[in-house]
Amino acid sequence: MRFHFSKKKVQGVRRSRALSLHKCCSIEKISSLRTTDEKERIDLFGVFEEDAPKKRSSFLKKLKKAFSVFFHKKRRPPANTARIFGAVCGAFALTLCAGISTVALLFGRYAGSYTEVVIPSFVSLSSDEALATQSELFEYSLSYSFDPEREANEIISQAPSPNVIRKLYSKDQKIRILLTVNKPKEDFILPKTVGTRTRDAELMLKNAGVDAILLQEYSDTVPQGTVISCSHVAGTALKEGERVILTSSKGPKMRYVQMPDLVGLCESEAIERLNALALKVGSITYSASGLAAGTVISQSQKAGDMLAERTAISLTVSAGRYFNTDDRH
């Protein structure tokens, strides 16, 4: 029987402590020895190397081992630590002093004596009376609005409201008051509207507060969308809410005529017939035909159709039997 003397370190124990541990556990070691094969290797501690369990350290032991460097080794702080700490403390002190100074400048004057002023009521006073009220205490700003139930230049509203208390901390300080004054709108002088665009005239009257009533009628002379007439002469003073009637052109009234039969007529006679019916002469094409030269062969609209006035009619006219289609008259 052969024994193997292992030189391995016990897990978690230094080599110097291996012998003392061996003496304490001699009984256990001896009882654990048993006859083995020659190839079998037995540790002095009585535990087979193949059967030795792998011991795992707990989380606290690992954490302690990780921080053992800081506990067992004394490290000196960096040489510039005192300088950095002093600089941080100095910056903090400067910031604190600056903040205290700013607060003292902003709110220092409010810690002293002051005078309480009760805001009076300016509503229903005229603008002149309101501006003359305690001008040494108040600074006035005016805005204008229109209220038909109040008189002209009468105060409609104010800000701050009446009976509100304000504090004055110095003799030069004043309380700002915003007053809204009733100011009726001035009369609107009607400009020239005849001949202008209907849309422009309608918007102009609407913006001036004048009610515009729009009428439309046909006109052969005034273009469509143009003012033909107005109920008030240009230069009239109009008040807000007054009514003005505008007449706008719808353009010429559309009339319809019956298309005549022009085939067989000469070219000049066909043109006269079209002009008499207020129809336009469109393109004229000349083509070779057995008919006499200048005779209308065909027309673009059928005879008897109802056509609107100023409709263009195209004609095809005969140029004789031997007419070349490439020629032009």
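Criteria and thresholds
- Residues numbered from 1 in each chain as written.
- Predicted model: local features only at pLDDT ≥ 70, side-chain atom pairs only at ≥ 80, totals over all residues.
- Heavy atoms only, no water.
- Helix = DSSP H or I, 4+ residues; strand = E, 2+ residues; numbered from the N terminus.
- Buried < 20%, exposed > 50% of the residue type's maximum accessible area, 1.4 Å probe, protein only.
- Contact = heavy atoms within 4.5 Å.
- Areas by Shrake-Rupley, 256 points an atom, 1.4 Å probe, with all protein chains shown as cover.
- pLDDT = per-residue confidence, 0-100.
- Phe/Tyr/Trp six-rings, centres within 6.5 Å; stacked < 30°, edge-to-face > 60°.
- Lys NZ or Arg CZ within 6 Å of the ring centre and 35° of its normal.
- Arc of directions from axis to C-beta.
- Core = buried A, V, L, I, M, F, W, Y, C linked by side-chain atoms within 4.5 Å.

Student: When you look at the overall build of the protein in this model, what are you seeing that I'm missing?
Tutor: Per the secondary structure count, the protein includes eight helices and 15 strands. Residue burial in the protein is summarised as follows: out of 329 residues, 21% are buried. Contacts in the protein between residues far apart in sequence, at least 24 positions, make up 69% of those at least 6 positions apart. When the accessible surface of the protein is summed, it comes to about 24400 Å², and 55% of that surface belongs to carbon and sulfur atoms.

Student: Help me understand the confidence of the model for the protein in this model?
Tutor: Any residue range with low pLDDT should be treated as having predicted coordinates unsuitable for detailed reading. Overall, the prediction assigns the protein a mean pLDDT of 77, with 70% of residues at 70 or greater. Within the model, the stretch residues 1-53 combines pLDDT values under 50 with 44 contacts to residues more than four positions away or in other chains.

Student: Looking at this structure, I do not really get the packing of aromatic side chains. What am I missing?
Tutor: Remark: the centre distance and the inter-plane angle together describe each pair of aromatic rings, the angle taken between the planes. Counted under the stated rule, the structure contains four aromatic pairs. When the centroid spacing of 5.5 Å and the interplanar angle of 55° are considered together, the rings of Y114 and Y169 count as tilted. With a gap of 55 residues between them, Y114 in the loop between α5 (81-107) and β1 (115-118) and Y169 in the loop between β4 (165-168) and β5 (175-182) connect regions that are remote in the sequence. Relative to Y140, the ring of F138 lies with its centre 6.2 Å away and its plane at 50°, an arrangement referred to as tilted. Taken as a pair, F138 and Y140 share a single burial class, namely buried. By way of ring pairs, the aromatic residues F122, F138 and Y140 are connected into one cluster. If you follow K167 out to its NZ or CZ, it ends over the ring of Y114, 4.6 Å from the centre. The ring of Y144 is capped by K183, whose NZ or CZ atom sits 5.2 Å from the centre of that ring.

Student: Can you help me understand helix α7 (residues 198-207) in this one?
Tutor: Every α-helix carries 3.6 residues per turn, so stepping three or four residues along brings you back to the same face. All of the buried residues along α7 are T198, A201 and L205. Taken down its axis, α7 places every buried residue within 70° of arc, on the same side. For α7, the exposed residues lying more than 90 degrees away from the buried face are K206 and N207. Buried residues along α7 sit in contact with β6 (188-189), β7 (211-217), β8 (227-230) and β10 (243-249). Positive phi shows up at G209, right after α7, with a value of about 85°.

Student: Is there a simple way to think about the nonpolar core in this case?
Tutor: The tendency in soluble globular proteins is for nonpolar side chains to be buried side by side. In this structure, V117, I119, F122, A130, F138, Y140, I155, L168, I175, I177, L179 and V181 together form the largest nonpolar core, which totals 12 residues. For this core, the elements supplying multiple residues, two or more each, are β2 (138-145) and β5. When residues in this core are grouped by element, the largest group, four residues, is from β5. Contact partners of L179, with chain neighbours within four places excluded, come to F122, A130, Y140, S141, L142, S143, I155, S157 and Q158.

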